[in-house]
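The residues making up each chain are set out below.
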Amino acid sequence: MSVSGEVFVSIDCGASGSFTDENTIVWKGDSDLISYGVTHAVQSNYTVSRVMDTLRAFTTRKKNCYSIEATQGEKVLVRAGFNYGNYDRKSNPPNFDLHFNGNFWITVNSSQVKVYEAIYVLKKKVVSVCVAQTNPNQIPFISTLEVRSLDIQVYGNMGTNYALFTNIRTAYAVNESIRFPKDPYDRIWWPAVIGDGLINVTTDATLINVDVPDNPPPAVLENGISIPIANRTNIINLGLTIIDYPARYPIYINWYFSEVIKLNPGEIRSFRIYIDNVAFSLPIVPRFGNVTQYFITNLTATLDTNFSLYPIGDSTYPPLINAAELFSISDPLTNGTNNDDVEGLSSLQLAFRSLQEWGGDPCLPAPYSWEWIVCNNGTMPRVTSILLNSFNLSGPLPDFSNMTALEIIDFHNNSLTGPIPSFLGTLPNLKQLNLADNQFSGSIPRSLSRNSKLNLFVAGNPLLCTNDKSCPGSGNSKTSKLPIILGITIPILFMFCIILGVLIVRHRRKASVPPNSVSGNMSHRANATTSATRGITQFDNSDDNGDNDEERFYSSPAPLLVGGRST
């Protein structure tokens, strides 16, 4: 685990499963991080190491990216490795661009095994590393990807708006590279080639205090190079040259010095750093059991720039050096695509699985924006167009209303469903909206239909209500009210008919009684009432005799009235 404990990720690109290497570093395959690209193994005669012998190549899209979650404001070390290994049997190692968090990193020349390293402070909550095709006949690939958290004070002499690109990190007089766990940040310190006239020296100190800002591991200070005491007036030519990055980049250098012997009174080791034979530093006097760090930043240098250590006249011991780092300083880092647009595009990617293959910064670097968007040229670019026609999208549109710079939205010829979102009508700069040939339903939001400045295309949506066509199955506005009207009036009419029928029957029975037969008239009324009551009872018991028609006539309003209410 890294010192800060935030991120310590080692990815074996193109491999499956995981394993622990000789440095106790756990490597994992990349299938959980990326679902596209093609995995390969290098040819057997190009093998380097287990993690460098597999790779993932990318045959589609302008750029392909890995994304690793991290903390905004965190300082990270990112390392990417490349071993072509003639995996495609074409003996044609490709050149392609490498990006990090929307910034150009370097053009990879894969004719040799290469490992590139960048150190920077995150402006987003993600580490993104992308390979981008620069030639249609040359396929980008990647073999390894490592991300390590650094304490924020490490390399703090550089501002947070720049990255450091590692050219050299070396430990003098060691037989093998030094990295994790000896260096808790997993910086890799490579052995240096020792020139003629130099000797290896080893410290007598049992402990070395490394309490300096860049915190070198004690292991790189246990050894060093110097000059035989008899030749103490000679110089050490460091021969540090810029290897990978263009000479136009200024450089940042760290030198680390630790006295290897406990000097007697009157003895001293003192020297200066010279650049191109001109004294540059104040006198440097290494301390026993401690480290002295000397750094130079924003130095303009060329491939011919030379660095040397010259003894000072009163020095009784020759110069020595234990370790060194040389970086190129990047151009100012971009802040990335506008956060509102990044969030809006993320909502589209969450809604539509086929869009999830695009990663990295959506707009940057400028020539490598996602294929289905258009961005402006602002310092923090805005997305001005979404061009997702014929992308086989299905389902409803998510909310991307925060993408307020949009001028053109094209979703035609997909299978989008649901209502047209009303937020589309609130986008202040929208000039063209093409939703044709989908499965949208419902009515067009007024904010869109009444926008005279908007070119709106909705043809080919059979379920959509337009000005000249009502919603399918709904009829016109008058027809749509008919079931309600009928549901109210029909039961009322039936009730009216029932009452009218009862009055007619009573009137006829009354008319059939002789005027002077009062007692008989009363008897007939009682019989009529009894008969009516009996008729209702018989209908409820499903009998089918007597005055069946009259009984059903009396009983029918109840189910009809219920039907009318449900309608």
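Residues numbered from 1 in each chain as written. Predicted model: local features only at pLDDT ≥ 70, side-chain atom pairs only at ≥ 80, totals over all residues. Heavy atoms only, no water.

1. Considering the overall build of the chain
So, point 1. In terms of helices and strands, the chain carries 6 helices and 34 strands.
So, point 2. By residue count, 47% of the 567 residues in the chain fall in the buried class.
So, point 3. Looking at the chain alone, contacts between residues at least 24 apart form 67% of all its contacts between residues at least 6 apart.
So, point 4. As displayed, the chain has an accessible area near 28,400 Å², and 53% of this comes from carbon and sulfur atoms. (Helix = DSSP H or I, 4+ residues; strand = E, 2+ residues; numbered from the N terminus. Buried < 20%, exposed > 50% of the residue type's maximum accessible area, 1.4 Å probe, protein only. Contact = heavy atoms within 4.5 Å. Areas by Shrake-Rupley, 256 points an atom, 1.4 Å probe, with all protein chains shown as cover.)

2. A look at the confidence of the model for the chain
So, point 1. The predicted model of the chain averages 86 in pLDDT, with 81% of residues at 70 or higher.
So, point 2. Residue range residues 473-489 is modelled with pLDDT below 50. Its contacts to residues more than four positions away, or to other chains, number 7 contacts.
So, point 3. Counting interchain partners and residues more than four positions distant, the pLDDT-below-50 stretch residues 511-567 has 31 contacts. (pLDDT = per-residue confidence, 0-100.)

3. Some remarks on the pattern of salt bridges
So, point 1. Scanning the entire structure with this criterion turns up 16 salt bridges.
So, point 2. One salt bridge connects Asp30 with Arg56, and the closest N-O pair in it is separated by 2.7 Å. Pair noted here: Asp30 is in the loop between strand S3 (26-29) and strand S4 (38-41) and Arg56 is in strand S5 (residues 54-57), with a separation of 26 residues, a long-range link.
So, point 3. Between Asp186 and Arg148 there is a salt bridge whose closest N-O contact spans 2.8 Å. Taken together, the residues Asp186 in the loop between strand S14 (164-171) and strand S15 (190-191) and Arg148 in strand S13 (residues 144-150) connect sequence positions 38 residues apart. Both residues of the pair, Asp186 and Arg148, belong to the buried class.
So, point 4. One continuous salt-bridge network, built from bridges that share partners, spans Arg79, Glu117, Glu146, Arg148, Arg169, Arg179, Asp186 and Glu325. (Salt bridge = Lys/Arg side-chain N within 4 Å of Asp/Glu carboxyl O.)

4. A closer look at the sheet that holds strand S32 (residues 439-443)
So, point 1. The 4 strands lie next to each other as S28-S30-S32-S34, forming an open sheet whose pairing is parallel. Looking at strand neighbours, the two that pair on one side only are strand S28 (394-395) and strand S34 (464-465), the edges of this open sheet.
So, point 2. Sheet analysis places S32 next to S34, joined by 2 bridges and oriented parallel. Looking across to S34, one finds that Gly442 is bridged to Leu464. (Pairing = 2+ DSSP bridges.)

5. Comments concerning the side chain of Ser308
So, point 1. Along the chain, Ser308 falls in strand S23 (residues 307-311).
So, point 2. Of the residues examined, Ser308 reaches a relative accessible area of 1% and is grouped as buried.
So, point 3. Within the structure, the side chain of Ser308 is placed 3.0 Å from the side chain of Asn306, a separation counted as a polar contact.
So, point 4. Beyond its immediate sequence surroundings of up to four residues, Ser308 is in contact with Ile235, Ile236, Asn237, Leu238, Arg272, Ile273 and Tyr274. (Polar contact = N/O pair within 3.5 Å; in protein donor to acceptor, adjacent residues only side chain to side chain.)

6. Observations concerning the packing of aromatic side chains
So, point 1. Applying the stated criterion across every chain, the model contains 28 aromatic pairs.
So, point 2. Of the aromatic side chains, those joined through ring pairs into one cluster are Phe82, Tyr84, Tyr87, Phe96, Tyr116 and Phe141. (Phe/Tyr/Trp six-rings, centres within 6.5 Å; stacked < 30°, edge-to-face > 60°.)

7. With respect to the pairing of strand S6 (residues 63-69)
So, point 1. For S6, the tally of buried residues reaches 5 of 7 residues, placing the bulk of the element in the interior.
So, point 2. Relative to strand S11 (residues 126-132), S6 is paired through 7 bridges, and the arrangement is antiparallel. Bridge pairing in S11 links Ile68 to Val127.

8. With respect to the environment of Asn109
So, point 1. Along the chain, Asn109 falls in strand S9 (residues 103-109).
So, point 2. Along the backbone, Asn109 and Asn95 are 14 residues apart, and their C-alpha atoms lie at a distance of 4.9 Å.
So, point 3. In contact with Asn109, not counting residues within four places along its chain, are Pro94, Asn95, Lys114 and Tyr116.

9. As for the layout of surface pockets
So, point 1. Its volume calculated, the largest pocket comes out at about 1,200 Å³.
So, point 2. Surrounding the largest pocket, 43 residues form its lining, Ser67, Val126, Val342, Ser346 and Gly360 being those nearest its centre.
So, point 3. Elements represented by at least two residues in the lining of the largest pocket include exactly S6, strand S10 (114-121), S11 and helix H1 (339-351).
So, point 4. Here the element with the most residues in the lining of the largest pocket is H1; it accounts for 6 residues.
So, point 5. Around the second largest pocket, the lining is made up of 29 residues, and of these Asn167, Ile168, Arg169, Trp190 and Ile243 lie nearest the centre.
So, point 6. The element contributing the most residues to the lining of the second largest pocket is S14, with 5 residues.
So, point 7. Its residues assigned to classes, the lining of the second largest pocket shows 17 nonpolar, 7 polar and 5 charged. (1 Å grid on protein atoms, 1.4 Å probe; cavity = no way out; pocket = protein on both sides within 12 Å on 5 of 7 lines; lining within 4 Å. Points joined across faces, edges and corners; volume = space filled by probe spheres on them. Nonpolar A, V, L, I, M, F, W, Y, C, P; charged D, E, K, R; others polar.)

10. So, the environment of Cys65
So, point 1. Checked against the element boundaries, Cys65 lands in strand S6.
So, point 2. Exposure remark for Cys65: the relative accessible area of 4% places this residue in the buried category.
So, point 3. Remark: the alpha-carbon pair of Cys65 and Val131, spanning 66 residues in sequence, is separated by 6.5 Å.
So, point 4. Not counting residues up to four positions away in its chain, the partners in contact with Cys65 are Ile34, Tyr36, Val129, Cys130, Gly359 and Gly360.

11. Quick word on unusual backbone geometry
So, point 1. Omega for the peptide link from Phe180 to Pro181 comes to 10°, which places this bond in the cis form.
So, point 2. Note that Pro181 resides in the loop between S14 and S15.
So, point 3. Backbone torsion omega between Leu364 and Pro365 reads -15°, so that peptide bond is classified as cis.
So, point 4. With respect to the secondary-structure elements, Pro365 resides in the loop between H1 and strand S26 (373-375).
So, point 5. Even without a glycine there, the phi angle at Asn298 is positive, about 60°.
So, point 6. Look at Asn298 and you get exposed, because its relative accessible area is 52%.
So, point 7. For Asn413, which is not glycine, the phi torsion reads 60° and is therefore positive.
So, point 8. By relative accessible area, which is 41% here, Asn413 ends up partly exposed.

12. What to know about the pairing of S5
So, point 1. Taking every second residue as pointing to the same face, both faces of S5 are buried, with Thr54 and Arg56 on one and Leu55 and Ala57 on the other.
So, point 2. Strand direction decides the pairing type here: S4 and S5, joined by 4 bridges, are antiparallel. Bridge assignment links Ala41 to a residue of S5, and that residue is Thr54.

13. Brief notes about the sheet that holds strand S21 (residues 278-279)
So, point 1. If you walk across this open sheet you meet the 4 strands as S18-S23-S20-S21, and the pairing is antiparallel. In this open sheet, the two edge strands, each paired with only one partner strand, are strand S18 (236-237) and S21.
So, point 2. As defined by bridge partners, strand S20 (residues 271-275) adjoins S21 across 2 bridges and the pair is classed as antiparallel. Residue pairing across strands places Tyr274 opposite Ala279, the latter belonging to S21.

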